[in-house]
Amino acid sequence: MEIEIHLAKPEDRKAPNFDKLVFGKIFTPHMFVMKYEEGKGWHSPKIIPFSNIELHPAAIVLHYSQTIFEGMKAYFGVDGKIRLFRPFDHINRLNRSADRMCIPQVDPNFAFEAIKTLVLLDKDWIPKQKGSALYIRPFIFATENTLGVKVSHEYLFMIILSPVGPYYAEGFNPVKIYVTEEYVRACPGGTGEVKTGGNYAASLKAQAVAQQKGYTQVLWLDGKERKYVEEVGSMNIFFYFSDELATPALSGSILPGITRDSVLKLASHLGIPAKERKISIDEVISAIQEGRLKECFGTGTAAVISPVGEICYKDKPYVIGQGQTGELTKKFFDYITGIQYGEREDEFNWTVVLE
Ligand SMILES: *Cc1c(COP(=O)(O)O)cnc(C)c1O
């Protein structure tokens, strides 16, 4: 399939100053759009000037949330090259999300071509400062017009791009997290392991409660027993106990993060014993009390690594590593960002150079 390209007006294509970037607030001049119709399949891929879209008020996505997304980044390297980080892992995950939500999959090579073409067209919008990047948001949603609950016969696949600033503008600050016992984000058999809109809508209330209590993120426990740690906010979570690095095993309700996988591979490369297993909140709390929990961090594309300095459980705060960023946490952050910005050899073949 050929992507038809309609360019934005030259005055709209000039990149602004990237001084104070707030996550996901500004967008590049172009976007990718492709339609799906039952019987015709995916067709008419286009890159067009960024604009609002029109939807029928009964579009299925607005009522029943048949929608999926991905989040990845393009980095401007120290060598002037533009790199994507594990793009095919993101595209393959988009297709796994599609399968779970009864959305038609996309051809991975074509999706990559679409991302590449769009990023290169708007490459002046990739901020150059280390730590900043161009956030890439591919998403697919149901557009058929009906109030009946059913699998849509029509979809839009879109890609939009947003320049984002360094996550840690004021240094690498550990976050304080709040264990919610009242709410769960996902349960066995549900949709926790895919990136679909409803998961995030369901998490807002707990996030609001945590924020009211002065915490930045929610620590989610499993939906069945409310005993085992699952994720933190929309990141995966790691614990560095005295003799082992551990992260919750993928249970079906945990999102299989690509950063999570990168940390696991890196740990093994660095000779650090790492385990995917069940981790109960009681184990975490006793490890903190006995001084055995050395470090704790979240992982995700947005922040890469987010150190955790305090956990609040049953309304009691527990401080980890004096509330400071741990050595191993910092090491993972430096190593992975080093690869993303082309400062370090990519021995894992994680990056794809676009230009
Ligand atoms: C996207 C996401 C993650 C992190 O995945 P990455 O591939 O590392 O960006 C973790 N948890 C949830 C709920 C997510 O949506």
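Here is what the cut-offs are and how they apply
Residues numbered from 1 in each chain as written. Predicted model: local features only at pLDDT ≥ 70, side-chain atom pairs only at ≥ 80, totals over all residues. Heavy atoms only, no water. UniProt positions renumbered as here; feature names shortened; annotations may be inferred. Helix = DSSP H or I, 4+ residues; strand = E, 2+ residues; numbered from the N terminus. Buried < 20%, exposed > 50% of the residue type's maximum accessible area, 1.4 Å probe, protein only. Contact = heavy atoms within 4.5 Å. Salt bridge = Lys/Arg side-chain N within 4 Å of Asp/Glu carboxyl O. Core = buried A, V, L, I, M, F, W, Y, C linked by side-chain atoms within 4.5 Å.

Peer 1: Describe the UniProt feature "modified residue: N6-(pyridoxal phosphate)lysine" (unreviewed entry) in the chain, and please don't skip the residues or the numbers.
Peer 2: Under the present numbering, the feature "modified residue: N6-(pyridoxal phosphate)lysine" (unreviewed entry) in UniProt falls on Lys195. Structurally, Lys195 is set in the loop between β9 (175-179) and α5 (197-212). We classify Lys195 as buried; its relative accessible area is 14%. Those residues in contact with Lys195 that sit more than four places away from it in its chain are Thr67, Ile68, Phe69, Glu70, Gly71, Arg93, Ser97, Tyr200 and Leu255.

Peer 1: How would you summarise the pattern of salt bridges if you had to cite specific residues and measurements?
Peer 2: Taken as a whole and judged by the stated rule, the model has 18 salt bridges. The residue Lys213 makes a salt bridge to Asp315 at a minimum N-O spacing of 3.8 Å. With a gap of 102 residues between them, Lys213 in the loop between α5 and β10 (217-221) and Asp315 in the loop between β16 (304-313) and β17 (316-319) connect regions that are remote in the sequence. The exposure class of Lys213 is partly exposed, given its relative accessible area of 42%. A salt bridge links Glu276 to Arg260; the shortest N-O distance between them is 2.7 Å. With Glu276 in strand β14 (residues 274-277) and Arg260 in helix α6 (residues 258-269), this residue pair connects regions lying 16 residues apart in the sequence. Residue classification places Arg260 among the buried positions, given a relative accessible area of 3%. The network of salt bridges with shared partners includes Arg86, Asp89, Asp261 and Lys265.

Peer 1: Go over the nonpolar core, please, and point to the residues and values.
Peer 2: In this structure, Phe32, Val119, Ile136, Ile140, Phe157 and Ile159 are the most contacted members of the largest nonpolar core, which totals 36 residues. Elements that contribute at least two residues to this core include exactly β2 (30-37), β3 (41-49), β5 (72-76), β6 (82-85), α3 (87-100), α4 (108-121), β7 (133-142) and β8 (154-164). If you tally residues by element for this core, the top one is α4, at 7 residues. In this structure, Val119 is in contact with Ala74, Ile82, Ile126, Leu134, Ile136, Leu161 and Leu354, ignoring residues within four places of it in sequence. Of all hydrophobic cores here, the second largest spans 28 residues; its members include Leu245, Leu266, Phe332 and Tyr341.

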